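Residue strings, one per chain:
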Amino acid sequence: MTAYLARRILYALPIVVGVNVITFILFFFVNTPDDVARHKAGKRSTLEQIERWKIERGYHLPYFYNDGWQSVGAREANATGWVELPALGPGPAALQLDLRQEVRLTLASDPADALKVERPLIQGSAVSLQQSQRLNFTLVKGASLRLHVALPDGAPGVVVRVLAWRNLGPVERVTQTLFFQRSLKYLAFDFGLDDDRRSISQEIWRRVPPSLAVTVPVSVLGLLVEITLAMLLAHYRGSALDVWGRVGCIALMSTSILFFIILGQWLFSQTLRLVPVSGFSAGPDAVKFVVLPVLIGVFAGLGGGIRWYRNLFLEEMGKDYIRTARMKGLTEGAILYRHALKNAMIPILTGVIVSIPFLIIGSLVMESFFAIPGMGSFMLEAIQAQNFAVVQAMVFLGSVLYIVGLILTDFSYTLVDPRVRLQ
Amino acid sequence: VGFLACTNNPYPPSQADENYYYGTFGEPPRFLDPAKTYASDELIIAYQIYEPPVQYHFLKRPYELVPLTATEVPTPVYYDRNGTRLPGDPPSEQVARAVYTIHLKPGIRFQNHPCFVPGNDDVTRTATRELTAADYVWQIKRLANPTVDCPIFSLLQESIEGFTELSKAIAAELARVREERRKTIGSLYNQETDERQNPIFLDLDRFDIAGARTVDRYTFELSLKKKYPQIKHWLSMPFFAPMPREADRFFAQAGMIDRNLSLDRCPVGTGAYRIERFDPNYEIVLTRNENFRDEPFPSEGEPVIPDAGKRMPFVDKVVYKREKESLPRWTKFTQGYYDLSGIDKDQFDQTFTDGMELTESMKRKHVRMESAVYPSIAYYAFNMLDDVVGGYAPERKKLRQAISIAIDNEEFIELFRNGRDSPAVGPVPPGIFGYDPSIVNPFVYDGRCRKSVEEARRLLAEAGYPRGLVINFDTAMSATVDKSFLDWLAKQFAKIGVELRVRSTDYNRFREKLRKGDYQMCAMGWGADCPDPENILFLLYGPNGAAKFGGPNHANYDRAEYNRLFEKMRSMEDTPERLELIQRMVRMVQEDAPWVYELHGVSFSLFHEWITNTKALTFGAPEMKYRRIDGRLRAARRAEWNRAVAWPLPIMAAFLLLACIPAFRFVRERERRSARL
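Residues numbered from 1 in each chain as written. Chains lettered and ligands numbered in written order. Predicted model: local features only at pLDDT ≥ 70, side-chain atom pairs only at ≥ 80, totals over all residues. Heavy atoms only, no water.

Peer 1: Can you walk me through the overall build of chain A in this structure?
Peer 2: The secondary structure content of chain A amounts to 15 helices and nine strands. Split into buried and exposed, the 423 residues of chain A put 51% on the buried side. Separation of charge centres in chain A, based on 40 positive and 31 negative side chains, amounts to 6 Å. (Helix = DSSP H or I, 4+ residues; strand = E, 2+ residues; numbered from the N terminus. Buried < 20%, exposed > 50% of the residue type's maximum accessible area, 1.4 Å probe, protein only. Lys, Arg positive; Asp, Glu negative; His and termini not counted. Charge placed at Lys NZ, Arg CZ, Asp CG, Glu CD.)

In structure tokens:
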């Protein structure tokens, strides 16, 4: 058993890392760090602020491999004049220039003898550039830099990104990357801070209990009601009860949960005024807030659940041991509850136990309409806000929970079926 | 069990007739740090907590700045390049330095906060101290701190003396500390992890800034490197609220950020309310600041209110609940559980009759409606750099004027906004100096009537397109979700034979197109930060062009005459001469039509009878301190409106049992039936 568990955990590692890499690639394929920074920096942001926002959060680092060059700041020159560049320490550096027409540039440093320039830059004298390019230079000591940009009247501005080179060892070339800095700590379940400097773990801990307050009762009550009704229909298969029961199930499956929510709120909160429309409270007071969402959650899930379990029971009812039981003269109730239910447990458990870890993920629609401060909208809001750290953390959590669910399911088989042994 | 509670009251019984205010919020506030708070949903909270030196008068319109923590609204003293004082209101070219001296009222105390307990890391132990001028200077220095991410950094950089130098000095110090730590930790150095465990506290007193100086305990000087009269409006925003150095020191302790303890969640100020609970996903509770000074309700302005002269605030607690969906929010408002509500499209018919009067059900509940025009402008921008719709030649102007006539904004407001917003005739919205309701747009309207489609067609033909043309409309709107609007817009263009091609894209690509000037038309909007026309007209200032200079002028409008007038107007006080300049600029952009002026937003708010002093402040303000709640009346109304109807419960239960009887009989029959062979 222990060896099996260890093996499963080891199998899980590459899956989790793979999921992380795919999330990372997908996210930054759609949104570049520049996009994210512009989105966050607000309506009055300048290039300088955007670059600084990235640097403060590590978004200036290369994705997977750091060759030593990295941005230390960016400036925009919109008119002829001097532009103050970020101060730099000694070592190789470069200006990455984004031009849209010919400009004349002069680079100067304070102190003046700190700068050792290479072609095409010549210290202190202007150079004409016609297209975007990178200009390398070296600082022999720490200095502040200024760049004089001569722009023709009405010409578009010039974007200057200042790069500094740092001699990185082979390990640092991997560790000083956006992926590594963001992902390694996840293996210790440390989700770090989101882009607004909030602790993601704290946020998750705060949101999980309200979600559980709804999802656990919905799940438990739903299971009990669904299995009971499914057994009833299976028991009387082909009868009028079964036919109308199935019709009812299909009607429930075809109705949007929104309809039940709006109907429930109108009936129980607005007309009968028995429970609050929405809201939440910690402690025993939570009962009055969750009773309606739980009721609606159970009711809305009945259709699919009953049909699924009914099919499971029907499959069992056709087996030899059921016929034997009938021949022994057992009542139908005894056959169903004592024999068929036990044997149908494997597929039931597969569905139920794998879903247990997902109870903490909550329900988006339910939580929105009932103002329950749970996990339901956490991921969606993060995607809308382009909050990469939260998206990555939630995908990581989701993949871990899924793997945990699968392992738990395997263990549960040993409990319900003595023939199953985990090796 | 839940139903047996038999009440739809979401609040504990102990709050029944308390003097609490109940409001809602949709989007959770991201920041409450005064250096970062800028979005409207953040400012609603921040204004109640922080006190900048000045504020807008609650009752006077047009808006007038009055002192808040300052003894008077500061007036600038101007100096030329030689340091010689310039008398009066000199032209901006002569001004090399503008100095604002701000005197504070003595005896103002901060809200109780754990940062004032020396050596404290426990949020439950709190203390206070007196506000001093140094707290304002500390905050101005914070604005320059690159780790703080102040959203108006560039604006302050351009105006405050020594701001850039201070920012560079702080950045250099940060870089030095980080480099040392990187060397110590080695290849596994992770800046975020390191600074969570060992935050960097920067003692800003070690850094000097030429533009902010403490003169004495209650006086500080703010000096600008140019004439910038709009600074007085920024002085009414939380950016310039005081921040005690103890707060930065307190939150720079290890482990604070991992517990989500920062100024964004546990702010400290001198305002009428302090934070009691901040859970942005659920509720935000503000409670009366025990140390708030004796500040009387204003006695001047309109309307005259019986509370004039009485000590504020009147409400003990302010409770904001998060409601993501409008339907439950609206239901709870009608049940009396929220004191006020906006009106969504879905609830409009329940609220207003066809004659825009409140419906009987609203009147029966004594609900009152108040509307306010928001100082904002929604517009369609033409890209003036585009070969087809851009340019300044007469035929290009005619093309844009024709489209301006064809887009029937009045119809849009009627169809999509329930007739609520106000059609725009120029860029300057109501409530801002320079707005004149008598001004019309003679290029789009004949008097008050929109010009005919025939007139638009004639202009289009004169522009060289008698058979119409194709125009691209770039948007981040969804082609499916916003289909009705986009179809309507295409129909407006079709009226004059123009085919509109909607190019829907995601938000990032849309912004990229704007930055590159790779579009013909798009829809944009802007909400003014303050009642100064500079804050709107800068959207058409040439050097703010988006494509060339990365600025907010998305139309890339660039007229030398407009630019010249703008440069003169922006540094003037509100004089008749300034008004004339603004009107010339408005006329110029009406004729050039770089925008189709769409609308100015109007907000409609509904208030219950128990909440008073609700005059709308469209620019951020500490509005909660003025509001009054009659808790007893509210409790009585809630009880009257929300009597539980429990009798259907036993009937429902009986009905369920009855429904089981046929099933039970059916089961019994089957069990008793003899086997069939």
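Peer 1: What's the story with the overall build of chain B in this structure? I'm lost.
Peer 2: The number of helices and strands found in chain B is 21 helices and 26 strands. Each of the three principal axes of chain B carries a C-alpha extent, and together these read 110 × 80 × 65 Å. Burial statistics for chain B: of 677 residues in total, 57% are counted as buried. Here the contacts in chain B between residues at least 6 apart in sequence split such that 71% fall between residues at least 24 apart. The average position of the 93 basic charges and that of the 94 acidic charges among the side chains of chain B differ by 4 Å. (Contact = heavy atoms within 4.5 Å.)

Peer 1: What exactly am I supposed to notice about the packing of helix α11 (residues 332-343) of chain A against helix α12 (residues 345-355) of chain A here?
Peer 2: Describing two packed helices takes the angle between their axes plus the distance from one axis to the other. Residue and element names in this part refer to chain A. One can describe the packing of α11 onto α12 by two numbers: an axis separation of 5 Å at closest approach and a directional angle of 55 degrees. One finds that α11 runs oblique with respect to α12. Taken together, the residues of α12 that come into contact with α11 (itself represented by Leu341, Lys342 and Asn343) are Met345, Ile346, Pro347 and Ile348. Class assignment of the residues belonging to the contact of α11 with α12 gives a composition of five nonpolar, one polar and one charged. (Axes fitted to C-alpha atoms, helices over the stretch in contact; angles between N-to-C directions. Parallel < 35°, antiparallel > 145°, perpendicular 65-115°, else oblique. Nonpolar A, V, L, I, M, F, W, Y, C, P; charged D, E, K, R; others polar.)

Peer 1: Explain the environment of His103 of chain B here, please?
Peer 2: Residue and element names in this part refer to chain B. Relative to the helices and strands, His103 is located in strand β6 (residues 97-103). Setting aside anything within four residues of it in sequence, one finds His103 in contact with Thr69, Ala70, Thr71, Glu72, Tyr218 and Thr219. A polar contact is formed between the side chain of His103 and the side chain of Thr219, at a distance of 3.3 Å. (Polar contact = N/O pair within 3.5 Å; in protein donor to acceptor, adjacent residues only side chain to side chain.)

Peer 1: Quick question: what am I supposed to make of the interface of chain B and chain A here?
Peer 2: Interface size is often expressed as the accessible area that is lost when the parts come together. Residue-level contacts link 85 residues of chain B with 85 residues of chain A. Summed over both partners, the interface of chain B with chain A buries about 7200 Å², with 47% contributed by carbon and sulfur atoms. Inspection of the region where chain B meets chain A yields 13 salt bridges. Between Glu381 of chain A and Lys324 of chain B there is a salt bridge, with its nearest N and O atoms 4.0 Å apart. At the surface where chain B touches chain A, the tally comes to 40 residue pairs in polar contact (both at pLDDT 80 or more). Examining the composition of the side of chain B that touches chain A, we find that eight residues originate from one element, helix α21 (residues 648-672) of chain B, more than from any other. (Buried area = accessible area lost by both parts, 1.4 Å probe. Salt bridge = Lys/Arg side-chain N within 4 Å of Asp/Glu carboxyl O.)

Peer 1: Whenever I open this one, the confidence of the model for chain B confuses me. Can you help?
Peer 2: Detailed reading of the predicted coordinates is not advisable wherever pLDDT falls low. Residues and elements named next belong to chain B. Across chain B, the average pLDDT comes to 93, with 99% of residues at 70 or higher. The secondary-structure element of chain B with the lowest mean pLDDT is α21, recorded at 80, while helix α2 (residues 133-143) shows the highest, at 98. Across the interface, the model reports ipTM at 0.88; the global pTM reads 0.91. (pLDDT = per-residue confidence, 0-100.)

Peer 1: Where do I start with the packing of aromatic side chains in this structure?
Peer 2: Note on aromatic pairs: each is described by the distance of the centres and the angle between the planes. The final tally for this structure, using the stated rule, is 55 aromatic pairs over all chains. With 5.7 Å between their ring centres and 90 degrees between their planes, Phe24 of chain A and Tyr63 of chain A make a pair best called edge-to-face. Of this pair, Phe24 of chain A sits in helix α1 (residues 2-30) while Tyr63 of chain A sits in the loop between α3 (47-57) and β1 (69-77), placing them 39 residues apart in sequence. Note on Tyr63 of chain A: relative accessible area 32%, which makes it partly exposed. Ring centres of Trp526 of chain B and Phe538 of chain B lie 5.3 Å apart, and the angle between their planes is 70 degrees; this geometry places the pair in the edge-to-face category. Here the residue Trp526 of chain B occupies a position in strand β22 (residues 521-527), and Phe538 of chain B occupies one in the loop between α16 (534-537) and α17 (546-549), the gap between them amounting to twelve residues. Look at Trp526 of chain B and you get buried, because its relative accessible area is 8%. Exposure remark for Phe538 of chain B: the relative accessible area of 9% places this residue in the buried category. Each member of the aromatic cluster is reached from another via a ring pair, and the members are Phe24, Phe27, Phe28, Trp53, Tyr59, Tyr63, Phe64, Phe179 and Phe388 of chain A. Cation over ring: Arg146 of chain A sits above Trp82 of chain A, and NZ or CZ is 4.3 Å from the ring centre. In this structure, Arg249 of chain B is placed above the aromatic ring of Phe201 of chain B, and the distance from its NZ or CZ to the ring centre is 4.4 Å. (Phe/Tyr/Trp six-rings, centres within 6.5 Å; stacked < 30°, edge-to-face > 60°. Lys NZ or Arg CZ within 6 Å of the ring centre and 35° of its normal.)

Peer 1: I tried to follow the environment of Ala616 of chain B on my own but got confused; where do I start?
Peer 2: Residues and elements named next belong to chain B. You can see Ala616 is positioned in the loop between β25 (611-612) and β26 (628-629). Take Ala616: its relative accessible area is 33%, and that puts it in the partly exposed class. Separated by eleven residues in sequence, Ala616 and Ser605 place their C-alpha atoms 9.2 Å apart. With residues near it in sequence (within four places) discarded, Ala616 still touches Arg61, Tyr63 and Ala372.

Peer 1: Explain the sheet that holds strand β2 (residues 81-88) of chain A here, please?
Peer 2: Within a sheet, each strand pairs with its neighbour through backbone hydrogen bonds, oriented either parallel or antiparallel. Residues and elements named next belong to chain A. Spatial strand order, β2-β8-β4-β6: four strands in an open sheet with antiparallel pairing. The open sheet has two free edges, formed respectively by β2 and β6 (127-129), since each of these has just one partner strand. Within the sheet, the average angular offset between the axes of one strand and its neighbour, ignoring direction, is 30 degrees. Sheet topology note: the β2/strand β8 (residues 143-150) ladder contains six bridges and is antiparallel. Counted as the bridge partner of Leu85 is Leu145 from β8. (Pairing = 2+ DSSP bridges.)

Peer 1: I tried to follow a nonpolar patch on the surface on my own but got confused; where do I start?
Peer 2: Residues Leu10, Leu13, Val17, Leu184 and Leu187 of chain A together with Leu188 of chain B make up a contiguous nonpolar surface patch of about 550 Å² in total accessible area. Take Leu188 of chain B: it is sitting in the loop between α4 (163-185) and α5 (191-197). (Patch = residues over 30% accessible without salt bridge, like charges linked within 9 Å, V, L, I, M, F, W, Y side chains within 5 Å. Areas by Shrake-Rupley, 256 points an atom, 1.4 Å probe, with all protein chains shown as cover.)

Peer 1: Which parts of the structure should I look at to understand the side chain of Asp149 of chain B?
Peer 2: Examined against the element boundaries, Asp149 of chain B turns out to sit in the loop between α2 and α3 (153-159). Using a relative accessible area of 17% as the deciding quantity, one classes Asp149 of chain B as buried. Filtering out sequence-adjacent residues up to four positions away, Asp149 of chain B remains in contact with Trp53 and Arg57 of chain A together with Lys36 of chain B.

Peer 1: How do you make sense of helix α7 (residues 240-254) of chain A when you look at a structure like this?
Peer 2: The α-helix advances 3.6 residues per turn, and as a result positions three or four apart in sequence lie on the same side. For α7 of chain A, which comprises 15 residues, the first-to-last C-alpha distance of 21 Å matches the rise-based estimate of 21 Å (1.5 Å per residue) to within 8%. Buried residues in α7 of chain A make contact with α6 (200-235), α8 (257-271) and α9 (286-317) of chain A. (Expected span 1.5 Å × (residues − 1).)

Peer 1: Would you explain the nonpolar core in this entry?
Peer 2: Most often, soluble globular proteins keep nonpolar side chains buried together rather than apart. Core analysis: the biggest nonpolar cluster contains 134 residues, and Trp234 and Phe240 of chain B have the highest contact counts within it. In contact with Trp234 of chain B, not counting residues within four places along its chain, are Arg44 of chain A together with Tyr38, Ile152, Leu155, Tyr228, Phe239, Phe240, Asp529 and Asn535 of chain B. Formed by 43 residues, the second largest nonpolar core is a distinct cluster that contains Ala234, Phe268, Ala325 and Phe370 of chain A. (Core = buried A, V, L, I, M, F, W, Y, C linked by side-chain atoms within 4.5 Å.)

Peer 1: So what exactly am I meant to see when it comes to the pattern of salt bridges here?
Peer 2: Oppositely charged side chains can pair when the atoms bearing their charge come close. Overall, the coordinates contain 91 salt bridges over all chains when judged by the stated rule. Across the pair Arg142 of chain B and Asp33 of chain B runs a salt bridge whose closest N-O atoms are separated by 2.8 Å. Here the residue Arg142 of chain B occupies a position in helix α2, and Asp33 of chain B occupies one in the loop between β1 (20-25) and α1 (40-49), the gap between them amounting to 109 residues. Accessibility classification places Arg142 of chain B together with Asp33 of chain B in one group, the buried group. Salt bridges here are not isolated pairs; linked through shared partners, they connect Glu203, Arg207 and Glu381 of chain A together with Arg265, Arg322 and Lys324 of chain B.

Peer 1: Honestly, the sheet that holds strand β8 (residues 219-224) of chain B in this entry has me stumped. Any pointers?
Peer 2: Residues and elements named next belong to chain B. Read from one edge to the other, the open sheet built from five strands follows the order β5-β4-β6-β8-β7, with strand pairing classed as antiparallel. At either end of the open sheet lies a strand with only one pairing partner, and these are β5 (85-86) and β7 (212-216). The sheet contact formed by strand β4 (residues 76-79) and β6 spans four bridges and is antiparallel. Within β6, the position partnered with Tyr78 by the bridge is Ala98.

Peer 1: I keep staring at the environment of Asp387 of chain B and nothing clicks. Help me out?
Peer 2: With respect to the element layout, Asp387 of chain B can be found in the loop between β16 (376-382) and α11 (394-406). For the pair Asp387 of chain B and Val645 of chain B, spaced 258 residues apart in the sequence, the C-alpha separation amounts to 68 Å.

Peer 1: What is the right way to read the pairing of strand β4 (residues 103-110) of chain A from this model?
Peer 2: Regular strands show a simple pattern: their side chains alternate between the two faces of the sheet. Residue and element names in this part refer to chain A. Most of β4 sits inside the fold, with six of its eight residues counted as buried. Note that β4 and β8 share seven bridges and pair antiparallel. Paired with Arg104 across the strands is Ala150, a residue of β8.

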